[in-house]
Number of protein chains: 2
Amino acid sequence: MKLASSRDRAPGRPVSRQVLADHVYEELLAWLMDGRLEPGAAVSIDGTARELDVSPTPVREALARLEHTGMVRRVALKGYRVAPVFTREDFAELMEARLAIEPVNARLACSRITPGGLADLREAVKDLETAPRGPSFAEFRDYLEADERFHKLIAEQSGNQFMLSAYNALGGQVQRFRLFGGVGITDAEQAIAEHQAVFEAMASGDPEQAAAAMADHVHKVRARAIADAPAD
Amino acid sequence: MKLASSRDRAPGRPVSRQVLADHVYEELLAWLMDGRLEPGAAVSIDGTARELDVSPTPVREALARLEHTGMVRRVALKGYRVAPVFTREDFAELMEARLAIEPVNARLACSRITPGGLADLREAVKDLETAPRGPSFAEFRDYLEADERFHKLIAEQSGNQFMLSAYNALGGQVQRFRLFGGVGITDAEQAIAEHQAVFEAMASGDPEQAAAAMADHVHKVRARAIADAPAD
DNA sequence: GATGGTCCATTCCTATAGGATTTGTCTATG
DNA sequence: CATAGACAAATCCTATAGGAATGGACCATC
């Protein structure tokens with residue numbers, strides 16, 4: 001694979017303002033999101049550089065940025081590895097944290113949301129409804145994407161940069177939780193209804209109801225996942 | 001300034017497991033904490049490399065890691081800059097986020113804290129009491145350090161890696177808020193009493209009281225800062 | 001005086017080279 | 001067979017070099 005270098009860009013065109021390290025970052029992120037990199041797998045700097053046909057330097061920078069998302073871990077002199085699969089305890093902790101953060105985001109967003117933001121949210125809910133839901137990852141990828149987008153939109157619409165940062169500190173982890181024991185989509189209809197409830201509360205402009213709906217949603221996500229979890 | 005390279009390390013000693021980029025990271029972090037780098041100031045990669053007598057490569061990696069803390073910002077092809085001073089709005093947002101996160105940390109930590117953790121907390125409170133408090137930064141540096149340590153300890157003792165990540169997402173910012181209009185320490189006695197209240201609630205093993213004490217503390221920090229804030 | 005163009009120093013960005021470390025394999029020895 | 005040591009390949013880490021972009025100074029032109 002060959003990434004477009006800043007050198008072989010047609011002159012005169014508006015500068016992309018994006019350097020090679022940014023492309024590498026996005027590519028690696030896509031790999032992680034797609035599940036192309038399995039948990040625990042080594043992410044070699046030199047190997048990735050060869051794969052993307054760039055030098056190790058931008059790969060090193062991209063990985064350094066990725067480390068803080070929690071999706072890869074680094075050990076000095078040993079390199080980077082994809083973060084291991086979630087344990088049951090990890091999952092419980094993530095839900096505990098989401099319960100602390102996401103209802104607050106919903107409450108804040110509800111009182112400040114713009115018509116445009118509301119429209120984006122409506123679209124995410126709609127995509128959630130129409131996305132195909134099959135047993136394999138490829139078949140519910142769009143569903144997960146819409147789910148993630150819904151929650152991220154609310155964090156952004158909170159208007160609080162720190163709450164957004166806090167959510168993003170969970171962001172990569174929220175994606176990764178789908179790897180928790182290979183749990184797929186269960187009771188999607190119910191989850192969709194919960195998202196609709198959050199959306200409607202936000203649309204009606206009732207912050208406390210929005211927070212309550214979000215808390216209820218996270219609670220039920222946890223309950224469903226625990227019910228489906230494989231035995232240790 | 002010359003950092004110890006891994007090359008000129010005495011053989012046979014236990015390996016430090018820390019590479020040059022780690023040293024650069026810590027050095028830059030110290031510069032930022034100390035206020036040696038003013039908000040808005042450029043942090044040149046080559047310049048820092050010369051200053052620390054290393055090559056630009058580890059500096060680049062260290063800065064990439066620092067970026068996500070919010071203490072430095074990067075613009076492609078233009079380099080890194082120390083994040084600008086907090087505005088009144090930034091400060092309000094930070095306090096809002098702290099109110100969402102820190103009481104939860106206190107509640108969780110209270111139900112899981114170990115005797116050792118409690119001892120660490122007691123020490124932080126004690127340091128807070130005895131730290132000198134003068135008008136200049138150097139004179140209340142220890143005070144701020146103990147304050148930060150107290151809150152970080154609670155985040156760590158929460159036993160929830162995600163809540164700790166969320167807190168750390170605010171971490172650098174919590175430090176930076178002291179730059180908010182140059183506000184120093186006001187009513188330190190009162191702040192110390194609030195910390196003591198949090199500690200005592202935790203020591204008594206009442207999670208809800210601990211959460212309430214922490215919420216009360218953050219509320220009052222906000223109130224004091226707003227009262228002291230310079231006019232825009 | 002304001003605008004626009006050219007030159008130059010600084011800085012960022014990427015590639016490359018080579019030393020240092022880790023890891024796996026292979027062999028020799030008890 | 002188990003263990004220890006030697007070797008080799010892969011990888012990480014840092015330094016260095018040079019192309020590319022930025023920003024400012026200087027100067028010409030309107």
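This text gives an overview of the structure that appears in the document.

Rules behind the numbers
Residues numbered from 1 in each chain as written. Chains lettered and ligands numbered in written order. Predicted model: local features only at pLDDT ≥ 70, side-chain atom pairs only at ≥ 80, totals over all residues. Heavy atoms only, no water. Buried < 20%, exposed > 50% of the residue type's maximum accessible area, 1.4 Å probe, protein only. Helix = DSSP H or I, 4+ residues; strand = E, 2+ residues; numbered from the N terminus. Pairing = 2+ DSSP bridges. Axes fitted to C-alpha atoms, helices over the stretch in contact; angles between N-to-C directions. Parallel < 35°, antiparallel > 145°, perpendicular 65-115°, else oblique. Left-handed = near helix turned anticlockwise from the far one by under 90°. Contact = heavy atoms within 4.5 Å. Nonpolar A, V, L, I, M, F, W, Y, C, P; charged D, E, K, R; others polar. Near = heavy atom within 4 Å. Polar contact = N/O pair within 3.5 Å; in protein donor to acceptor, adjacent residues only side chain to side chain.

**Considering the pairing of strand β2 (residues 72–75) of chain A**
Residues and elements named next belong to chain A. Of the two faces of β2, the one lined by Val72 and Arg74 is fully buried and the one lined by Arg73 and Val75 carries no buried residue. Note: β2 against strand β3 (residues 79–82), 4 bridges, orientation antiparallel. Paired with Arg73 across the strands is Arg81, a residue of β3. Two successive antiparallel strands, β2 and β3, enclose a turn made up of 3 residues, where Leu77 displays a positive phi of approximately 70°.

**Thoughts on the packing of helix α4 (residues 88–112) of chain B against helix α6 (residues 141–157) of chain B**
Residues and elements named next belong to chain B. Where α4 meets α6, the axes come as close as 7 Å, and the angle between the chain directions of the two elements is 60°. Taken together, the axis directions place α4 and α6 in an arrangement best described as oblique. The handedness of the crossing between α4 and α6 comes out as left-handed. Two secondary-structure elements touch here, α4 through Arg98, Glu102, Asn105, Ala106, Ala109 and Arg112 and α6 through His151, Ile154, Ala155 and Gln157. Classifying every residue of the contact of α4 with α6 gives 4 nonpolar, 3 polar and 3 charged.

**Quick look at the protein's contact with DNA strand D**
Not every one of the 23 residues close to DNA strand D is listed here, only the nearest: Arg17 and Leu77 of chain A together with Leu20, Ser55 and Lys78 of chain B. Of everything in DNA strand D that lies within 4 Å of the protein, sugar and phosphate atoms constitute 81%. Arg50 of chain A places a side-chain nitrogen or oxygen 3.2 Å from a phosphate oxygen of DNA strand D. The contact in question runs from a phosphate oxygen of DNA strand D to an N or O atom on the backbone of Leu77 of chain A, over 2.7 Å. Of all the secondary-structure elements, those providing two or more residues to the surface near DNA strand D are α2 (45–52) of chain A together with α1 (20–34) and α3 (56–67) of chain B. A class-by-class count of the residues in the surface near DNA strand D yields 11 nonpolar, 4 polar and 8 charged.

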